[in-house]
Amino acid sequence: MAPLRLRHPKGVSTLDISWDSGFTIQDLQQKIYALTDILPSRQILKCGYPPRPLTLVPELPIESLGLQRGEQLIVTEDTSKPVASQSRVQPQASSIHQQATSPIFQHKSASASPSGPDSVEVDGSFLVHRIVPDDNSCLFSSAALVFEQSITKAPQMRKLVVEGIRNNPYTYSEAILGMPPTQYLATISKSTSWGGAIELSVLAAHYSTEIASIDVETGRIDHFSPGEHITATNRAILIYSGIHYDAASLAPVPDAPDDWHQTIFPIRSSEDNSDSILIAAKKLADILRTKKAFTNTATFDLKCEQCGQGLKGEKGARAHAEQTGHVRFGEY
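Everything numeric in this text was worked out from a predicted model, so none of it was measured.

## Details of the nonpolar core
And step 1. The biggest cluster of nonpolar side chains holds 34 residues, and the ones touching the most others in it are Met157, Ile165, Leu203 and Ile211.
And step 2. Elements supplying a minimum of two residues to this core: α3 (138-148), α4 (154-166), α6 (181-188), α7 (197-207), β10 (234-240) and β11 (245-251).
And step 3. Tallying contributions element by element places α3 first for this core, with eight residues.
And step 4. If near-sequence neighbours (up to four positions away) are discounted, Leu203 is found in contact with Leu139, Ala143, Met157, Leu160, Val161 and Ile211.
And step 5. Counting 20 residues, the second-largest nonpolar core is a separate cluster that includes Ile239, Leu250, Leu278 and Leu284.

## As for unusual backbone geometry
And step 1. A positive phi is found at Gln149, a non-glycine position, where the angle reads about 60°.
And step 2. Within the secondary structure, Gln149 sits in the loop between α3 and α4.
And step 3. Phi is positive for Lys292, which is not a glycine, with a value near 60°.
And step 4. Here Lys292 is to be found in the loop between α8 (276-290) and β13 (301-304).

## Structural notes on the packing of aromatic side chains
And step 1. Under the definition given, this model contains two aromatic pairs.
And step 2. Both rings, one in Phe147 and one in Tyr207, keep their centres 4.1 Å apart while their planes meet at 0°; by these two values the pair is stacked. Of this pair, Phe147 sits in helix α3 while Tyr207 is found in helix α7, placing the two residues 60 residues apart along the sequence. Each member of the pair, Phe147 as well as Tyr207, is classed as buried.

About the thresholds
Residues numbered from 1 in each chain as written. Predicted model: local features only at pLDDT ≥ 70, side-chain atom pairs only at ≥ 80, totals over all residues. Heavy atoms only, no water. Core = buried A, V, L, I, M, F, W, Y, C linked by side-chain atoms within 4.5 Å. Buried < 20%, exposed > 50% of the residue type's maximum accessible area, 1.4 Å probe, protein only. Helix = DSSP H or I, 4+ residues; strand = E, 2+ residues; numbered from the N terminus. Contact = heavy atoms within 4.5 Å. Phe/Tyr/Trp six-rings, centres within 6.5 Å; stacked < 30°, edge-to-face > 60°.

The following block contains the structure:
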(Lines give C-alpha, C1' and ligand atoms only; values in the text may rest on other atoms or scores of the structure.)
Protein backbone atom coordinates (compact mmCIF):
# COMPACT_ATOMS: atom_id res chain seq x y z
CA MET A 1 0.00 0.00 0.00
CA ALA A 2 1.26 3.47 -0.86
CA PRO A 3 -0.66 6.70 -0.37
CA LEU A 4 -1.63 9.41 -2.83
CA ARG A 5 -2.65 12.86 -1.67
CA LEU A 6 -6.02 13.99 -3.02
CA ARG A 7 -7.18 17.61 -3.14
CA HIS A 8 -10.93 17.91 -3.69
CA PRO A 9 -13.72 20.47 -3.11
CA LYS A 10 -14.22 19.20 0.45
CA GLY A 11 -10.57 19.42 1.47
CA VAL A 12 -7.49 17.17 1.37
CA SER A 13 -7.50 13.38 1.87
CA THR A 14 -5.11 10.46 1.63
CA LEU A 15 -5.78 7.56 -0.72
CA ASP A 16 -4.22 4.18 0.03
CA ILE A 17 -3.48 2.50 -3.27
CA SER A 18 -2.56 -1.15 -4.01
CA TRP A 19 0.03 -0.68 -6.73
CA ASP A 20 0.87 -4.35 -7.36
CA SER A 21 -2.45 -6.22 -7.09
CA GLY A 22 -4.37 -5.38 -10.26
CA PHE A 23 -5.64 -2.06 -8.93
CA THR A 24 -7.39 -0.25 -11.78
CA ILE A 25 -8.33 3.32 -12.62
CA GLN A 26 -11.92 2.28 -11.92
CA ASP A 27 -10.89 1.26 -8.40
CA LEU A 28 -9.19 4.64 -7.95
CA GLN A 29 -12.33 6.43 -9.12
CA GLN A 30 -14.46 4.50 -6.64
CA LYS A 31 -12.17 5.50 -3.77
CA ILE A 32 -12.44 9.12 -4.90
CA TYR A 33 -16.23 8.78 -5.18
CA ALA A 34 -16.41 7.46 -1.60
CA LEU A 35 -14.53 10.52 -0.34
CA THR A 36 -16.02 13.26 -2.50
CA ASP A 37 -19.44 12.09 -3.81
CA ILE A 38 -18.24 12.99 -7.32
CA LEU A 39 -19.43 10.25 -9.67
CA PRO A 40 -16.66 8.50 -11.63
CA SER A 41 -18.27 9.59 -14.90
CA ARG A 42 -17.98 13.26 -13.81
CA GLN A 43 -14.48 13.18 -12.30
CA ILE A 44 -11.71 15.31 -13.79
CA LEU A 45 -8.33 14.29 -12.40
CA LYS A 46 -5.13 16.31 -12.67
CA CYS A 47 -1.63 15.95 -11.32
CA GLY A 48 1.70 17.76 -11.52
CA TYR A 49 2.46 21.47 -11.62
CA PRO A 50 1.03 23.16 -13.51
CA PRO A 51 -1.75 20.57 -13.14
CA ARG A 52 -2.15 18.37 -16.25
CA PRO A 53 -5.35 16.42 -16.97
CA LEU A 54 -5.26 12.61 -16.84
CA THR A 55 -7.02 10.38 -19.38
CA LEU A 56 -9.26 8.04 -17.40
CA VAL A 57 -9.88 4.60 -18.94
CA PRO A 58 -11.55 2.64 -16.11
CA GLU A 59 -10.35 -0.85 -17.13
CA LEU A 60 -6.66 0.05 -17.33
CA PRO A 61 -4.29 -0.49 -14.39
CA ILE A 62 -3.44 2.53 -12.30
CA GLU A 63 0.15 2.32 -13.53
CA SER A 64 -1.09 3.56 -16.93
CA LEU A 65 -1.56 7.04 -15.43
CA GLY A 66 2.18 7.38 -14.85
CA LEU A 67 1.72 8.48 -11.23
CA GLN A 68 4.51 8.48 -8.70
CA ARG A 69 3.91 7.09 -5.25
CA GLY A 70 3.12 9.94 -2.87
CA GLU A 71 2.06 12.24 -5.73
CA GLN A 72 -0.78 14.74 -5.32
CA LEU A 73 -3.99 14.46 -7.34
CA ILE A 74 -6.61 17.16 -7.85
CA VAL A 75 -10.19 16.17 -8.56
CA THR A 76 -12.94 18.48 -9.80
CA GLU A 77 -16.42 17.74 -11.11
CA ASP A 78 -17.32 17.98 -14.79
CA THR A 79 -20.71 19.65 -14.47
CA SER A 80 -21.24 19.56 -18.24
CA LYS A 81 -22.01 15.83 -18.04
CA PRO A 82 -25.45 14.57 -16.96
CA VAL A 83 -25.82 12.97 -13.55
CA ALA A 84 -26.57 9.26 -13.81
CA SER A 85 -27.43 7.00 -10.92
CA GLN A 86 -24.47 4.76 -10.12
CA SER A 87 -23.68 2.24 -7.41
CA ARG A 88 -20.59 2.71 -5.27
CA VAL A 89 -19.97 -1.04 -5.19
CA GLN A 90 -20.65 -2.01 -8.79
CA PRO A 91 -20.30 1.03 -11.06
CA GLN A 92 -21.26 0.84 -14.69
CA ALA A 93 -17.98 1.13 -16.56
CA SER A 94 -17.82 3.08 -19.80
CA SER A 95 -16.21 1.35 -22.76
CA ILE A 96 -12.55 1.97 -23.51
CA HIS A 97 -13.50 3.39 -26.91
CA GLN A 98 -15.88 5.93 -25.39
CA GLN A 99 -13.43 7.07 -22.73
CA ALA A 100 -10.46 7.23 -25.05
CA THR A 101 -12.18 9.26 -27.77
CA SER A 102 -14.30 11.64 -25.71
CA PRO A 103 -12.70 14.90 -24.48
CA ILE A 104 -11.72 15.19 -20.83
CA PHE A 105 -13.06 18.75 -20.70
CA GLN A 106 -14.99 21.22 -22.81
CA HIS A 107 -14.30 24.83 -23.61
CA LYS A 108 -17.24 26.88 -22.36
CA SER A 109 -18.32 30.38 -23.18
CA ALA A 110 -17.46 33.05 -20.64
CA SER A 111 -20.03 33.58 -17.94
CA ALA A 112 -20.22 35.46 -14.67
CA SER A 113 -20.41 33.36 -11.54
CA PRO A 114 -23.42 34.11 -9.34
CA SER A 115 -21.32 33.32 -6.28
CA GLY A 116 -17.58 33.54 -5.90
CA PRO A 117 -15.08 35.18 -8.26
CA ASP A 118 -15.70 35.65 -11.97
CA SER A 119 -13.80 33.16 -14.08
CA VAL A 120 -13.36 31.76 -17.58
CA GLU A 121 -12.64 28.14 -18.39
CA VAL A 122 -9.40 27.57 -20.28
CA ASP A 123 -7.60 24.32 -21.02
CA GLY A 124 -9.55 22.47 -18.35
CA SER A 125 -8.78 25.01 -15.60
CA PHE A 126 -10.18 28.46 -14.79
CA LEU A 127 -8.68 31.91 -15.21
CA VAL A 128 -9.94 33.69 -12.10
CA HIS A 129 -10.46 37.39 -11.33
CA ARG A 130 -8.45 37.98 -8.12
CA ILE A 131 -9.77 41.12 -6.44
CA VAL A 132 -7.40 43.16 -4.27
CA PRO A 133 -8.32 45.98 -1.85
CA ASP A 134 -9.24 49.40 -3.23
CA ASP A 135 -6.72 51.26 -1.08
CA ASN A 136 -4.53 53.29 -3.50
CA SER A 137 -2.01 50.41 -3.55
CA CYS A 138 -3.99 48.11 -5.84
CA LEU A 139 -1.28 47.93 -8.51
CA PHE A 140 1.32 46.96 -5.93
CA SER A 141 -1.04 44.48 -4.24
CA SER A 142 -1.80 42.86 -7.60
CA ALA A 143 1.90 42.66 -8.46
CA ALA A 144 2.63 41.14 -5.05
CA LEU A 145 -0.09 38.57 -5.64
CA VAL A 146 1.24 37.45 -9.03
CA PHE A 147 4.97 37.65 -8.28
CA GLU A 148 5.15 36.82 -4.57
CA GLN A 149 1.78 35.04 -4.05
CA SER A 150 0.78 37.41 -1.24
CA ILE A 151 -0.69 40.92 -1.24
CA THR A 152 0.99 41.49 2.13
CA LYS A 153 4.16 42.12 0.12
CA ALA A 154 2.71 45.17 -1.63
CA PRO A 155 5.06 47.52 0.29
CA GLN A 156 7.97 45.47 -1.04
CA MET A 157 6.73 46.15 -4.58
CA ARG A 158 6.88 49.90 -3.92
CA LYS A 159 10.45 49.56 -2.69
CA LEU A 160 11.40 47.62 -5.82
CA VAL A 161 9.95 50.41 -7.95
CA VAL A 162 11.87 53.07 -6.04
CA GLU A 163 15.12 51.11 -6.43
CA GLY A 164 14.47 50.45 -10.11
CA ILE A 165 13.90 54.14 -10.90
CA ARG A 166 16.82 55.30 -8.76
CA ASN A 167 19.20 52.81 -10.37
CA ASN A 168 18.19 53.75 -13.92
CA PRO A 169 18.28 57.57 -14.08
CA TYR A 170 18.79 57.59 -17.85
CA THR A 171 15.66 55.50 -18.48
CA TYR A 172 13.54 57.26 -15.86
CA SER A 173 14.42 60.86 -16.44
CA GLU A 174 12.40 63.92 -15.51
CA ALA A 175 10.96 63.94 -19.04
CA ILE A 176 9.59 60.41 -18.56
CA LEU A 177 8.45 60.85 -14.96
CA GLY A 178 6.83 64.25 -15.50
CA MET A 179 8.59 65.69 -12.45
CA PRO A 180 12.08 65.67 -10.91
CA PRO A 181 13.06 62.06 -10.02
CA THR A 182 13.55 62.89 -6.34
CA GLN A 183 10.02 64.27 -6.16
CA TYR A 184 8.61 61.28 -8.02
CA LEU A 185 10.38 58.84 -5.70
CA ALA A 186 9.11 60.66 -2.63
CA THR A 187 5.56 60.56 -4.00
CA ILE A 188 5.49 56.93 -5.12
CA SER A 189 6.96 55.82 -1.79
CA LYS A 190 3.77 56.93 -0.04
CA SER A 191 1.15 54.24 0.51
CA THR A 192 -1.53 56.64 -0.74
CA SER A 193 0.02 57.13 -4.19
CA TRP A 194 -1.34 55.28 -7.22
CA GLY A 195 0.91 53.35 -9.56
CA GLY A 196 0.65 53.10 -13.34
CA ALA A 197 2.58 52.33 -16.51
CA ILE A 198 5.96 53.39 -15.14
CA GLU A 199 5.64 51.12 -12.13
CA LEU A 200 4.55 48.17 -14.31
CA SER A 201 7.60 48.68 -16.52
CA VAL A 202 9.93 48.69 -13.52
CA LEU A 203 8.39 45.53 -12.04
CA ALA A 204 8.46 43.74 -15.40
CA ALA A 205 12.19 44.47 -15.64
CA HIS A 206 12.87 43.36 -12.06
CA TYR A 207 11.12 40.00 -12.49
CA SER A 208 12.19 39.53 -16.14
CA THR A 209 8.54 38.83 -16.87
CA GLU A 210 6.12 40.54 -19.22
CA ILE A 211 3.09 42.12 -17.56
CA ALA A 212 -0.05 42.12 -19.70
CA SER A 213 -2.62 44.65 -18.49
CA ILE A 214 -6.16 44.09 -19.80
CA ASP A 215 -8.32 47.22 -20.01
CA VAL A 216 -11.89 46.33 -19.00
CA GLU A 217 -13.60 49.15 -20.91
CA THR A 218 -11.94 48.54 -24.27
CA GLY A 219 -10.51 45.01 -24.07
CA ARG A 220 -7.13 46.44 -25.07
CA ILE A 221 -4.04 44.57 -23.89
CA ASP A 222 -1.02 46.69 -22.92
CA HIS A 223 2.23 44.71 -22.81
CA PHE A 224 4.97 45.85 -20.43
CA SER A 225 8.19 44.06 -21.36
CA PRO A 226 11.25 43.50 -19.14
CA GLY A 227 13.35 45.71 -21.41
CA GLU A 228 14.29 46.58 -24.94
CA HIS A 229 17.00 43.92 -25.20
CA ILE A 230 15.30 41.21 -23.10
CA THR A 231 12.97 38.63 -24.63
CA ALA A 232 10.42 37.62 -22.02
CA THR A 233 9.43 33.95 -21.86
CA ASN A 234 6.85 34.34 -19.09
CA ARG A 235 3.86 36.59 -18.53
CA ALA A 236 1.69 37.85 -15.65
CA ILE A 237 -1.87 39.11 -16.11
CA LEU A 238 -3.40 42.20 -14.50
CA ILE A 239 -6.91 43.58 -15.05
CA TYR A 240 -7.35 47.35 -15.23
CA SER A 241 -10.69 49.07 -14.64
CA GLY A 242 -9.51 52.61 -15.32
CA ILE A 243 -8.82 53.44 -11.68
CA HIS A 244 -8.10 50.03 -10.18
CA TYR A 245 -5.85 47.03 -10.83
CA ASP A 246 -6.68 43.41 -9.99
CA ALA A 247 -4.84 40.19 -10.80
CA ALA A 248 -5.77 37.07 -12.75
CA SER A 249 -4.58 33.55 -12.00
CA LEU A 250 -5.23 30.00 -13.14
CA ALA A 251 -6.77 27.42 -10.79
CA PRO A 252 -8.41 23.98 -11.08
CA VAL A 253 -11.67 25.45 -9.73
CA PRO A 254 -12.69 29.14 -9.37
CA ASP A 255 -12.78 29.08 -5.56
CA ALA A 256 -9.59 27.05 -5.09
CA PRO A 257 -7.30 27.89 -2.15
CA ASP A 258 -4.61 30.48 -2.84
CA ASP A 259 -1.78 27.94 -3.05
CA TRP A 260 -3.49 26.17 -5.95
CA HIS A 261 -3.26 29.22 -8.22
CA GLN A 262 -0.75 29.67 -11.03
CA THR A 263 0.10 33.34 -11.54
CA ILE A 264 2.95 33.25 -14.11
CA PHE A 265 2.36 31.77 -17.56
CA PRO A 266 4.70 30.79 -20.38
CA ILE A 267 4.34 32.99 -23.44
CA ARG A 268 3.07 30.64 -26.14
CA SER A 269 2.54 33.14 -28.93
CA SER A 270 3.45 36.68 -29.86
CA GLU A 271 -0.12 37.15 -31.10
CA ASP A 272 -2.76 38.04 -28.50
CA ASN A 273 -5.42 36.10 -30.39
CA SER A 274 -3.33 32.92 -30.44
CA ASP A 275 -2.52 32.64 -26.75
CA SER A 276 -5.19 30.76 -24.78
CA ILE A 277 -4.47 32.59 -21.51
CA LEU A 278 -4.75 36.02 -23.14
CA ILE A 279 -7.93 34.97 -24.94
CA ALA A 280 -9.38 33.92 -21.58
CA ALA A 281 -8.23 37.21 -20.01
CA LYS A 282 -10.10 39.18 -22.69
CA LYS A 283 -13.22 37.10 -22.03
CA LEU A 284 -12.83 37.87 -18.32
CA ALA A 285 -12.71 41.56 -19.20
CA ASP A 286 -15.89 41.04 -21.25
CA ILE A 287 -17.65 39.70 -18.15
CA LEU A 288 -16.58 42.71 -16.09
CA ARG A 289 -17.58 45.10 -18.88
CA THR A 290 -21.12 43.71 -18.88
CA LYS A 291 -21.20 44.52 -15.17
CA LYS A 292 -20.02 48.09 -15.87
CA ALA A 293 -16.99 47.36 -13.70
CA PHE A 294 -14.85 50.10 -15.23
CA THR A 295 -14.41 53.85 -15.04
CA ASN A 296 -13.67 56.25 -17.89
CA THR A 297 -10.82 58.22 -16.33
CA ALA A 298 -11.20 61.12 -18.76
CA THR A 299 -14.73 61.97 -17.65
CA PHE A 300 -15.34 60.57 -14.17
CA ASP A 301 -16.01 62.91 -11.26
CA LEU A 302 -13.58 62.94 -8.36
CA LYS A 303 -13.38 64.69 -5.04
CA CYS A 304 -10.20 65.48 -3.18
CA GLU A 305 -10.60 63.80 0.20
CA GLN A 306 -8.15 66.22 1.77
CA CYS A 307 -9.74 69.57 0.80
CA GLY A 308 -13.10 68.56 -0.71
CA GLN A 309 -12.54 70.17 -4.12
CA GLY A 310 -14.45 68.60 -7.03
CA LEU A 311 -12.34 67.44 -9.98
CA LYS A 312 -12.95 66.08 -13.48
CA GLY A 313 -11.06 63.01 -14.61
CA GLU A 314 -7.55 61.75 -13.99
CA LYS A 315 -6.05 64.82 -15.66
CA GLY A 316 -7.78 67.09 -13.16
CA ALA A 317 -6.67 64.92 -10.26
CA ARG A 318 -3.04 64.97 -11.39
CA ALA A 319 -3.07 68.75 -11.83
CA HIS A 320 -4.60 69.21 -8.38
CA ALA A 321 -2.01 66.88 -6.87
CA GLU A 322 0.86 68.81 -8.45
CA GLN A 323 -0.55 72.14 -7.24
CA THR A 324 -1.45 71.12 -3.68
CA GLY A 325 0.44 67.92 -2.88
CA HIS A 326 -2.87 66.23 -2.12
CA VAL A 327 -2.97 62.57 -3.15
CA ARG A 328 -6.20 61.12 -1.72
CA PHE A 329 -9.12 61.14 -4.14
CA GLY A 330 -12.52 59.48 -4.12
CA GLU A 331 -15.00 58.94 -6.95
CA TYR A 332 -18.43 60.62 -6.67
